[in-house]
Amino acid sequence: MARPNTLTYFTGFPCVFFLLSVLSLPSCKEKADAADAKNKSQANQSTIVDVIVAEYRPIDNKIEANGTVVANEYVELHPEISGRITYLNVPEGIQVTKGTIIARINDADLQATLEKSKVLLDLYQKTEERDRKLLEINGINQADYDLAINNVNSTKADINYTQAQIDKTVIRAPFDGIVGLRQVSPGAYVTPANIIATVQQLDKIKVDFTLPEQYSAVIKKGTIVDIQTDALTNTHRKGLIIATEPQINLSSRNLKVRAILQDGKGHPGAFVKVFVNAGIDKKAIMVPTNSIIPDDKNNQVIVVKDGKAQFVNVTTGVRESNNIEITKGLQNGDTVVVTGVLFARPKSSVKVRTVRTVDKATATENQ
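Here the structure is a predicted model, which means the values were calculated and not measured. (Residues numbered from 1 in each chain as written. Predicted model: local features only at pLDDT ≥ 70, side-chain atom pairs only at ≥ 80, totals over all residues. Heavy atoms only, no water.)

> I tried to follow the side chain of Lys206 on my own but got confused; where do I start?
Topologically, Lys206 is positioned in strand S10 (residues 197–212). With no salt bridge to any partner, buried Lys206 finds its closest opposite charge in Glu73, at an N-O distance of 5.6 Å. In terms of polar contacts, Lys206 uses its side chain to reach the backbone carbonyl oxygen of Asn72, at 3.1 Å. If we ignore the near neighbours within four places in the chain, the residues touching Lys206 are Thr68, Val69, Val70, Ala71, Asn72, Ile242, Arg258, Ala259 and Ile260. (Helix = DSSP H or I, 4+ residues; strand = E, 2+ residues; numbered from the N terminus. Buried < 20%, exposed > 50% of the residue type's maximum accessible area, 1.4 Å probe, protein only. Lys, Arg positive; Asp, Glu negative; His and termini not counted. Salt bridge = Lys/Arg side-chain N within 4 Å of Asp/Glu carboxyl O. Polar contact = N/O pair within 3.5 Å; in protein donor to acceptor, adjacent residues only side chain to side chain. Contact = heavy atoms within 4.5 Å.)

Here it is as structure tokens:
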């Protein structure tokens, strides 16, 4: 049997490999072209968005602030001296008049000191009378008489001091008001740090709230404000501004304002919302708050121009519940993206699905 030609065997293998490689080149090129076409198709795919046309519209120029209900008068009753309570009269939740005795502290030692001082005063007064008569006939010198007078005056001062200490053992209601809950029990040893009870005057109810300093010119004594006392039932009542704090808070740059509720009903400490009219209503460009893109330095909105997304820096102003005023950055007639904001990229193609109004765009987002 004849052996195959070795040269033919080895030279034939590279030829076959070259032939297979040439045949496979068109297939690889077709795959690459398909991938490029797919990438280009994805790049050219437009982001679908909903827009509004920016236009000036009237806005209700009201400032919303958080407030707290405050009693007309409020006091925490503390004992002025330490001691054991011997008498306690705290009619919880009951109206008391000014001067009503709420509690007494044990004053037995002070009473004893007072009696001792009174006895000494009687003795010193008799001594002073005798020395005065002797001085008139030159029976004693002036120094002895001055000493007798000094003893009388010093003892009177001691009596006044002791009486003042005794007065501090009696805790009285400082004004007409309603007594709060009792914090101590009869026989307890108390110090000035202890609270016996509270007294609040509720015939007039005040509301304290704060506003940014730029609205200080709007706040005037005698201005009527609208106060929402109950958010659940949407109860609104009128309040009258009676005073403002002259000093603006240095940390928050807010101005503290005090108003009084006209019907005089409320629970001290309750949270309320205060609406202040900032002046004549004005016109402004409003956009939904969800169309604002917060940045490190600026707020931005997306404007559609020539089918492309353009990111524009804007300055905001008055904020409503769902919309916000744009004071700088937008012009009347600009097309602003309100949905699809997260998917748009700078200078990328966008396709407008619907053109909405501000109110309709806000209502759709809230659904």
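Additional details are given in the paragraphs that follow.
> For this particular structure, what's the right way to read the sheet that holds strand S4 (residues 83–88)?
Paired through backbone hydrogen bonds, the strands of a sheet run either parallel or antiparallel to each other. Spatially, S7-S6-S4-S9 is the arrangement adopted by the four strands of the open sheet, whose pairing is antiparallel. The strands lining the two open edges of the sheet, one partner per strand, are strand S7 (170–172) and strand S9 (189–190). Direction of pairing for S4 relative to S9: antiparallel, over a ladder of two bridges. What sits directly across from Gly83, in S9, is Val190. (Pairing = 2+ DSSP bridges.)

> Please explain the layout of surface pockets as it appears in this structure.
Here the idea is plain: a probe the size of a water molecule rolls over the atoms and shows the empty space left. The calculated volume of the largest pocket comes to roughly 420 Å³. Among the secondary structure elements, those contributing two or more residues to the lining of the largest pocket are strand S3 (62–77), S10 and strand S18 (308–319). Here the lining of the largest pocket is built from residues that sort into six nonpolar, three polar and five charged. (1 Å grid on protein atoms, 1.4 Å probe; cavity = no way out; pocket = protein on both sides within 12 Å on 5 of 7 lines; lining within 4 Å. Points joined across faces, edges and corners; volume = space filled by probe spheres on them. Nonpolar A, V, L, I, M, F, W, Y, C, P; charged D, E, K, R; others polar.)

> Can you help me understand unusual backbone geometry in this one?
When glycine is set aside, most residues are seen to have a negative phi, and most peptide bonds are trans. Phi at Arg253 is positive, roughly 60°, even though this residue is not glycine. Along the chain, Arg253 falls in the loop between strand S12 (235–244) and strand S13 (254–261). Despite not being glycine, Asp306 has its phi angle at roughly 55°, a positive value. Following the sequence through the fold, Asp306 ends up in the loop between strand S17 (299–305) and S18. A residue is classified by how much of its surface remains accessible, and Asp306, at 80% relative accessible area, is exposed.

> I tried to follow the pattern of salt bridges on my own but got confused; where do I start?
Working definition: two side chains of opposite charge can pair if their charged atoms are close together. One pass over the structure, following the stated rule, counts six salt bridges. A salt bridge links Asp50 to Arg356; its shortest N-O distance comes to 2.8 Å. Linking Asp50 in strand S1 (residues 47–53) with Arg356 in strand S21 (residues 350–356), this pair joins segments that are 306 residues apart in sequence. Across this residue pair, the class does not change: Asp50 and Arg356 are buried. Residues Asp208 and Arg258 are paired through a salt bridge, measuring 2.7 Å at the closest nitrogen-oxygen approach. Separated by 50 residues along the polypeptide, Asp208 in strand S10 and Arg258 in strand S13 bring together distant segments of the chain. Classification of Asp208 as buried rests on a relative accessible area of 12%. For Arg258, a relative accessible area of 30% gives the class partly exposed. One salt-bridge network, in which partners are shared between bridges, spans Asp50, Arg353 and Arg356.

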